[in-house]
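# Fold and geometry: a report
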Amino acid sequence: VTLSITMVGIVAFWNGILEIGSRAGLVEQLSGKMRPILKFLFPDLPTDCEAARQISVNFIANILGLGWAATPAGLKAMKELEKVEEMRRKEKSTVRAAPKGTASNEMCTFLVVNISSLQLIPINMIAYRSQYGSAHPLAVAGPAFLATCVSTLAGVAVCRVMCRRKQYKSIKKDGWK
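The sections below set out a description of the structure shown in this document. (Residues numbered from 1 in each chain as written. Predicted model: local features only at pLDDT ≥ 70, side-chain atom pairs only at ≥ 80, totals over all residues. Heavy atoms only, no water.)

### Some details on the overall build of the protein
Counting its secondary structure elements, the protein contains eight helices and zero strands. Over its C-alpha atoms, taken along the principal directions, the protein stretches across nearly 65 × 30 × 30 Å. Going through the 177 residues of the protein one by one, you find that 33% of them count as buried. A fraction of 64% describes how many contacts in the protein between residues 6 or more apart in sequence connect residues 24 or more apart. Side-chain charges in the protein split into 23 positive and 12 negative, and the spacing between the mean points of these groups amounts to 6 Å. (Helix = DSSP H or I, 4+ residues; strand = E, 2+ residues; numbered from the N terminus. Buried < 20%, exposed > 50% of the residue type's maximum accessible area, 1.4 Å probe, protein only. Contact = heavy atoms within 4.5 Å. Lys, Arg positive; Asp, Glu negative; His and termini not counted. Charge placed at Lys NZ, Arg CZ, Asp CG, Glu CD.)

See the structure below:
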């Protein structure tokens, strides 16, 4: 019960900080700074769409170690990515749309990067360690950052390989267009 009360306080505090940053325009500025990364991870995603904004908010929250604050933005990002796919299906865009009921390359990449949860500051772990009387609650920050860097890089590499493999198979099946 004591741990739950502590964690609720920490969650409320950081959700409030994230909301203040959003209202102050800080999230928009950080999203702008993330455009090159988003363009690399999601080359076919329009940079000015709502999905890109929600993905940015999700990544920012994860980097700050606010996984629970990242969840609503992640859910919104997936809904927006589905809207992008619907538009692609209707417009017959140059980017091949995923069949209905199938995750697009962007959805898969977002899910993998979100799950790997690159964290600069592991707030939850620091809070748990503080709550249970650790002499050095911040000692986990370096190893956690390194581990999440490795998992994120591995996830991005796998997504890239699978997307290229999928493109190769579709070219082989349908021919060059």
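### Quick word on helix 5 (residues 67–91)
The end-to-end C-alpha separation of helix 5 is 35 Å, in line with the 36 Å expected for 25 residues at 1.5 Å each. Turning to helix 5, its buried residues are A69, A70, A73, G74, A77, E80, L81, V84, E85 and R88. (Expected span 1.5 Å × (residues − 1).)

### Thoughts on the packing of aromatic side chains
For any pair of aromatic rings, the description consists of the separation of the ring centres together with the inter-plane angle of the planes. Within this structure, the stated rule accounts for one aromatic pair. With centroids separated by 6.1 Å and ring planes inclined at 25 degrees, the aromatic side chains of F59 and F110 adopt a geometry described as stacked. A residue pair is termed long-range when its members are at least 10 positions apart, and F59 in helix 4 (residues 50–63) and F110 in helix 6 (residues 105–116) qualify at 51 residues. The burial state of F59 is the same as that of F110; both residues are buried. One Lys or Arg, R160, reaches over the ring of F40 and ends 4.4 Å from the middle of that ring. (Phe/Tyr/Trp six-rings, centres within 6.5 Å; stacked < 30°, edge-to-face > 60°. Lys NZ or Arg CZ within 6 Å of the ring centre and 35° of its normal.)

### Some thoughts on helix 7 (residues 123–131)
Helical periodicity: at 3.6 residues per turn, an α-helix aligns residues three or four positions apart in one direction. Of all the positions in helix 7, only I123, I126 and A127 are classed as buried. Looking down the long axis of helix 7, one finds its buried residues gathered within 100 degrees of arc, a one-sided arrangement. Contact partners of the buried residues in helix 7: helix 1 (2–23). Positive phi appears at G133, one or two residues downstream of helix 7, with a value of about 80 degrees. (Arc of directions from axis to C-beta.)

### A look at the pattern of salt bridges
For the coordinates displayed, the defined rule picks out eight salt bridges. A salt bridge links R89 to E82; its shortest N-O distance comes to 3.6 Å. A residue is classified by how much of its surface remains accessible, and E82, at 27% relative accessible area, is partly exposed. In this structure, E85 and R88 form a salt bridge, with 2.6 Å as the shortest nitrogen-oxygen distance. Residue E85 and its partner R88 are located together in helix 5, separated by three residues, close to a single helical turn. In this structure E85 comes out as buried when scored by relative accessible area, which is 1%. (Salt bridge = Lys/Arg side-chain N within 4 Å of Asp/Glu carboxyl O.)

### Quick word on the packing of helix 1 against helix 7
Packing of helix 1 against helix 7 brings their axes to within 10 Å, and their N-to-C directions diverge by 145 degrees. Like other packed secondary-structure pairs, helix 1 and helix 7 cross with a definite hand, here right-handed. Here helix 1 contributes T2, L3, T6, M7, I10 and W14 to the contact with helix 7, which in turn contributes I123, N124, A127, Y128 and Q131. Class assignment of the residues belonging to the contact of helix 1 with helix 7 gives a composition of seven nonpolar, four polar and no charged. (Axes fitted to C-alpha atoms, helices over the stretch in contact; angles between N-to-C directions. Left-handed = near helix turned anticlockwise from the far one by under 90°. Nonpolar A, V, L, I, M, F, W, Y, C, P; charged D, E, K, R; others polar.)

### Overview of the side chain of T152
As for its placement among the helices and strands, T152 is situated in helix 8 (residues 141–174). For T152, the residues in contact, after removing those within four places along its chain, are V113, S116 and L118.

### Let's talk about the nonpolar core
Membership of the largest hydrophobic core comes to 21 residues, with the highest contact counts inside it found for L38, F42, L45, I55, F59, L81 and F110. Elements that contribute at least two residues to this core include exactly helix 3 (35–41), helix 4, helix 5 and helix 6. Apart from residues no more than four positions distant in its own chain, L38 is found in contact with P43, A52, I55, S56 and F59. The next biggest cluster of nonpolar side chains, apart from the first, holds nine residues, and it includes M7, A61, A70 and A127. (Core = buried A, V, L, I, M, F, W, Y, C linked by side-chain atoms within 4.5 Å.)

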